[in-house]
Amino acid sequence: GASGLEIALADGLVLGRELDHPGVALDADLQVSRRHAVVARGGQGWVVRDLGSRNGTFVNGSRVDVAPLGSGDRLTVGQSSFVVRGDTLRPWDETGVPAVVVSHVGRRLPTGKVLLDDVSFVLQPGTMLGVVGPSGAGKSTLLGALTGDRPATSGRIFYAGRDLATSLGEIRARIGLVPQDDIVHRQLRLRDALLYAARLRLPDDVAPALREQRVDAVLAELGLSEHGATRVDRLSGGQRKRASVAMELLTSPSFLLLDEPTSGLDPALDRQLMQSLRALADGGRTVMVISHNTNELHLCDYVLFLAPGGRVAFFGPPDEVLEWFGSRDFADAFDLAYRDADGVVNRFRTQRSGSHPLPDLPDQGPPVPPVKPSRQRVQHQFTTLVRRHVRALAADRGLLAFSAVLPVALVALALLVPGDQGLRGPAMGKVPSGQPVQILLILMVGAVFMGLSSAIRELVGERTIFLRERAVGLSRVAYLASKIAVLGAVVTAQVLVMLVIVLLLRKGPEDPLLLSGEVELLVALVAAGVVNVVLGLALSGVIRTLGQTMPILVMTVMAELVFTSGLFALTGRGAIEVVSWLFPSRWAFAAGASVLDFNNNGLRDVDDPLWEHAFGVYLLDLGVVAVFVAVLAILAWWTTGRRYADR
């Protein structure tokens, strides 16, 4: 087993979890897949081969599929590391190795602006560090450098003796990051939210019982066991923040970073949260808290005070900070850092920077390309995300009620249209009325609105959760596909309700294109709803705040209404007609008009070729809608990759 001092290498030696045959059993490490890697003889020595593990196999910090193992090489699977000594594996000894070494780290933008300047400190395991300083002092920049999301442009960072620049893939599982905003879906019960997160973050082959055990252990560690059945939005602010911490503890990180965790909390909740973090540090984790709140800094082992320009103005025990600045309180210290940043920085560098010497560091290794986070199978992520989204929708009773009432309300509007023609052409000898066009227009705009309104808040509303899950391996394809699947199903159900009620109370189509006019009309309306779900997701990917969604929703629905060609004829109007082709509602409405044979009902002086009562034209209209779905889905995928990666 892995707990022994020495493991003899053998041909076919498997490293994994819950092994049913002799091997290196790493059952306590849930980052390890059931059959993670195998060691075999190769040439004059040993070779390790990854067995399709979720988190990868690493040799000397580099992820490998197959690689030779020589004496002195470090082999890492999950969070378990070994060193090769001849024909044996020995557990990697981290005794006496600092948990974190930050050595002369800086970050300079291409424009020349300096965000971080010569930051250095050392943290031992079980240490809690508070990072404070005025706004613009580089605290968030330091956070990005420590996680590798926004790498430093100078200096070096080591975690437990591993260079972040050359071993990010190996180190990533050891780092937990809690952003300022909550990373838990508020509609879910806390334990359910953690179980879904465990399905996404732990290897696919971890048994459900083990995931549940891990979730229960994390809840107990943070004092949240009694709140497991409570909806997240009913937790106190401090409990919600601990819930976000729980998300990160699922993977048992040894280094935990928190960005403004006490923001918005009252003093009592602030203290409770900081005491919880202190307990995590006392349990062996290294914790770093970035905060503007200085009330509970005495719970930290060290304080790092950054001055404007990302420079160190102090590093040391919390009870020495105010004395060092000659201030009565932190407000005075912050004021001094604003007024005389150069002075306080130079004083620290000349008088105190050597009080915490840096250890000797190994030579810089060769640069390595950026390492993408490990990822589960897309199908596994997709099913988990669909189940989580459905559960969240089902828990939001207000949204469910609105979604149920909305199609009925839209039908009520359609039924206000006067006449007895319904969705059919005029009876023999009767003057045609505009009722079919008006009813179809209301139904079509209803489908457009239901699709857009269901999706336009999704990505912008979940941005913080999405960014954190993407950083630990969430697939954008799985994420967007799950949104389209769930919201598309909801809109399809709404459209079906809407059309069924109309057909029960008004005459339906009488001359089908192929088999059933009712089904053909339903397909056209569903197409309008689904394409606008995807359009809503694409818009949500570029919207910056939730407050922008309503005006954009209104403008988009109005534009789609105008360019349906249902209000007035667009055929033969030159540039206006060409512009209308750029709106999916134009083609979806045309598919419905083709089913209802609007060209032959005498309403328009000029026939619209997209409305021809022919199955080929109907398929063309729907085919263009399908193209819109594909293009808009790619746009949504691109925006979630490009824009969000820069945040």
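Each value, and the rule that gives it
Residues numbered from 1 in each chain as written. Predicted model: local features only at pLDDT ≥ 70, side-chain atom pairs only at ≥ 80, totals over all residues. Heavy atoms only, no water. Helix = DSSP H or I, 4+ residues; strand = E, 2+ residues; numbered from the N terminus. Buried < 20%, exposed > 50% of the residue type's maximum accessible area, 1.4 Å probe, protein only. Contact = heavy atoms within 4.5 Å. Phe/Tyr/Trp six-rings, centres within 6.5 Å; stacked < 30°, edge-to-face > 60°. Domains from an automatic or database assignment. Pairing = 2+ DSSP bridges. Axes fitted to C-alpha atoms, helices over the stretch in contact; angles between N-to-C directions. Core = buried A, V, L, I, M, F, W, Y, C linked by side-chain atoms within 4.5 Å.

Relative to the elements of secondary structure, Glu296 occurs in the loop between β19 (286-290) and β20 (302-307). For Glu296, a relative accessible area of 5% corresponds to the buried category. Once the C-alpha coordinates of Glu296 and Gln275 are considered, the two residues, 21 residues apart in sequence, prove to be 8.7 Å apart. Once residues within four sequence positions are removed from consideration, Glu296 is found in contact with Asp270, Arg271 and Met274.

Okay, the environment of Phe58 next. Inspection of the secondary structure puts Phe58 in strand β6 (residues 57-59). The buried category is assigned to Phe58, whose relative accessible area is 3%. C-alpha of Phe58 to C-alpha of Arg74: the two residues are 16 residues apart in sequence and 7.9 Å apart in space. Not counting the four nearest positions on each side in its chain, Phe58 is found in contact with Arg63, Arg74, Leu75, Thr76, Gly169 and Glu170.

What follows is about the packing of aromatic side chains. The final tally for this structure, using the stated rule, is 13 aromatic pairs. Aromatic pair Tyr159 and Phe255: ring centres 5.2 Å apart, planes at 55 degrees, arrangement tilted. Placement of the pair is Tyr159 in strand β15 (residues 154-159) and Phe255 in strand β18 (residues 255-259), with a sequence separation of 96 residues. Arranged with centres 6.4 Å apart and planes meeting at 50 degrees, the rings of Phe589 and Phe598 form a pair that is tilted.

This next bit is on the domain arrangement of the chain. Each domain of the chain was delimited in the assignment, giving domain 1 (7-91), domain 2 (100-174 + 253-353) and domain 3 (378-418 + 433-646). A straight line from the C-alpha centre of domain 1 to that of domain 3 covers 51 Å.

Spatial strand order, β17-β18-β19-β14-β20-β21: six strands in an open sheet with mixed pairing. Every other strand in the sheet has two partners, leaving β17 (175-178) and β21 (311-316) as the edge strands with one partner each. Adjacent strand axes in the sheet meet at a mean angle of 15 degrees when their direction is disregarded. In terms of strand pairing, β18 meets β19 through five bridges, oriented parallel. Note that in β19 the partner of Phe255 across the bridge is Thr286. Sheet strands touched by helix α5 (residues 237-249): β17 and β18. Its angle to β17, the strand with the most contacts, is close to 155 degrees. Set on the sheet, helix α6 (residues 267-282) makes contact with β14 (128-132), β18 and β19; between it and β19 the angle comes to about 150 degrees.

Attention now goes to the nonpolar core. If you look at the biggest cluster of nonpolar residues, it comprises 92 residues, and the most contacted ones within it are Leu277, Leu304, Phe305 and Phe325. The element best represented in this core is helix α3 (residues 190-201), accounting for seven residues. With residues up to four places along the chain from it excluded, the contact list for Phe325 reads Phe305, Ala313, Phe314, Ala333, Leu336 and Val344. Leu443, Ile456, Val557 and Leu596 belong to the second-largest nonpolar core, a separate cluster that totals 69 residues.

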